[in-house]
Amino acid sequence: MDWLRFIKLAIKRQVGFEVKDYSNYSRFQEFQALEIIKEIKYQKIPISNFKVLELAAGVGGYSTTLYRSCKNFVSSDIYRFPNYNQHPFIDYIIFDASKKYPFNDNSFDFIFCSSLIEHIERPIYMLREIKRVMKGDGYLYISFP
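Position labels on residues start from 1 in each chain and follow its written sequence. At least 70 in pLDDT is required for a residue's local features to be given in this predicted model, at least 80 for side-chain atom pairs to be given and counted, and no such filter applies to totals for whole chains, interfaces and linings, which use all residues. Processing note: side-chain calculations cover all non-hydrogen atoms of the structure and skip hydrogens and water entirely.

The salt bridge criterion pairs a side-chain nitrogen of Lys or Arg with a carboxyl oxygen of Asp or Glu, the two atoms within 4 Å. With the rule as written, the count across this model stands at 5 salt bridges. Lys 99 is paired through a salt bridge with Asp 96; the nearest N and O atoms lie 3.3 Å apart. Look at Asp 96 and you get partly exposed, because its relative accessible area is 22%. A salt bridge links Asp 109 to Lys 135; its shortest N-O distance comes to 3.1 Å. Remark: Lys 135 occurs in strand β5 (residues 134-143) and Asp 109 occurs in strand β4 (residues 108-114); sequence separation between them is 26 residues. For Asp 109, a relative accessible area of 11% translates into the label buried. Via salt bridges that share partners, Asp 105, Glu 129 and Arg 132 belong to a single interconnected network. The classification of residues rests on relative accessible area computed with a 1.4 Å probe and restricted to protein chains. Under 20% of the type maximum is buried, over 50% is exposed, and intermediate values are partly exposed. We count a stretch as a helix when DSSP gives it H or I for four or more residues in a row; a strand needs E for two or more, and each element gets its number in order from the N terminus.

Next up, the structure:
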């Protein structure tokens, strides 16, 4: 990992929030996503063949990087963020991650969840829904501050 670049991006990620410019935060997410993809590949997890669900896409910085690394990608959030940087081929579904998900059981090979669980009133319910829609041999990436 390029730690110096990470630190610089982390410091700048809040810059612009007061004027609704989230480009710094989006770049920070893109950088993190590239590092996560490197680790996934290092662990020999075949994400390129996976159907991936991203929970709480926010500004979409993770979305564009993850989208390029998998077979099928679904991005989601409770509402569409005004500055969401969406690739035209990304499926975007609006739903509340703290309630029942609009997917069948065993729908996803990989679920990506960054900085969401700490905002959920009943995280156990969210985790149950993740387990329900994730295939039995699926993978979950979850991070929180």
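Let's shift gears to the sheet that holds strand β3 (residues 91-94). At least two DSSP bridges between two strands are needed for those strands to be called paired. Spatially, 5 strands are ordered β3-β2-β1-β4-β5 in an open sheet, and the strand pairing comes out parallel. Only two strands of the sheet have a single partner each, and these edge strands are β3 and β5. Strand after strand, the sheet turns through a mean of 20 degrees between neighbouring axes, direction not considered. Any two residues whose heavy atoms approach within 4.5 Å at even a single point are treated as in contact. Note on definitions: angles span 0 to 180 degrees between N-to-C directions of axes, and those axes are lines fitted to C-alpha atoms, for helices only across the stretch in contact. Along the sheet, helix α4 (residues 123-133) contacts β1 (51-55), β4 and β5; its crossing angle with β5, the most-contacted strand, is approximately 140 degrees.

As a further point, take a nonpolar patch on the surface. A contiguous nonpolar patch, built from Ile 124, Leu 127 and Leu 140 and spanning about 240 Å² of accessible area, is present on the exposed surface. Looking at the element boundaries, Ile 124 is found in helix α4. Exposure above 30% relative accessible area and the lack of any salt bridge qualify a residue for a patch; like charges then connect within 9 Å, and the nonpolar side chains Val, Leu, Ile, Met, Phe, Trp and Tyr within 5 Å. In short, Shrake-Rupley with a 1.4 Å probe defines the accessible areas, and a residue's cover is counted only from the protein chains shown.

None of the figures reported here should be taken as evidence of function without further support.
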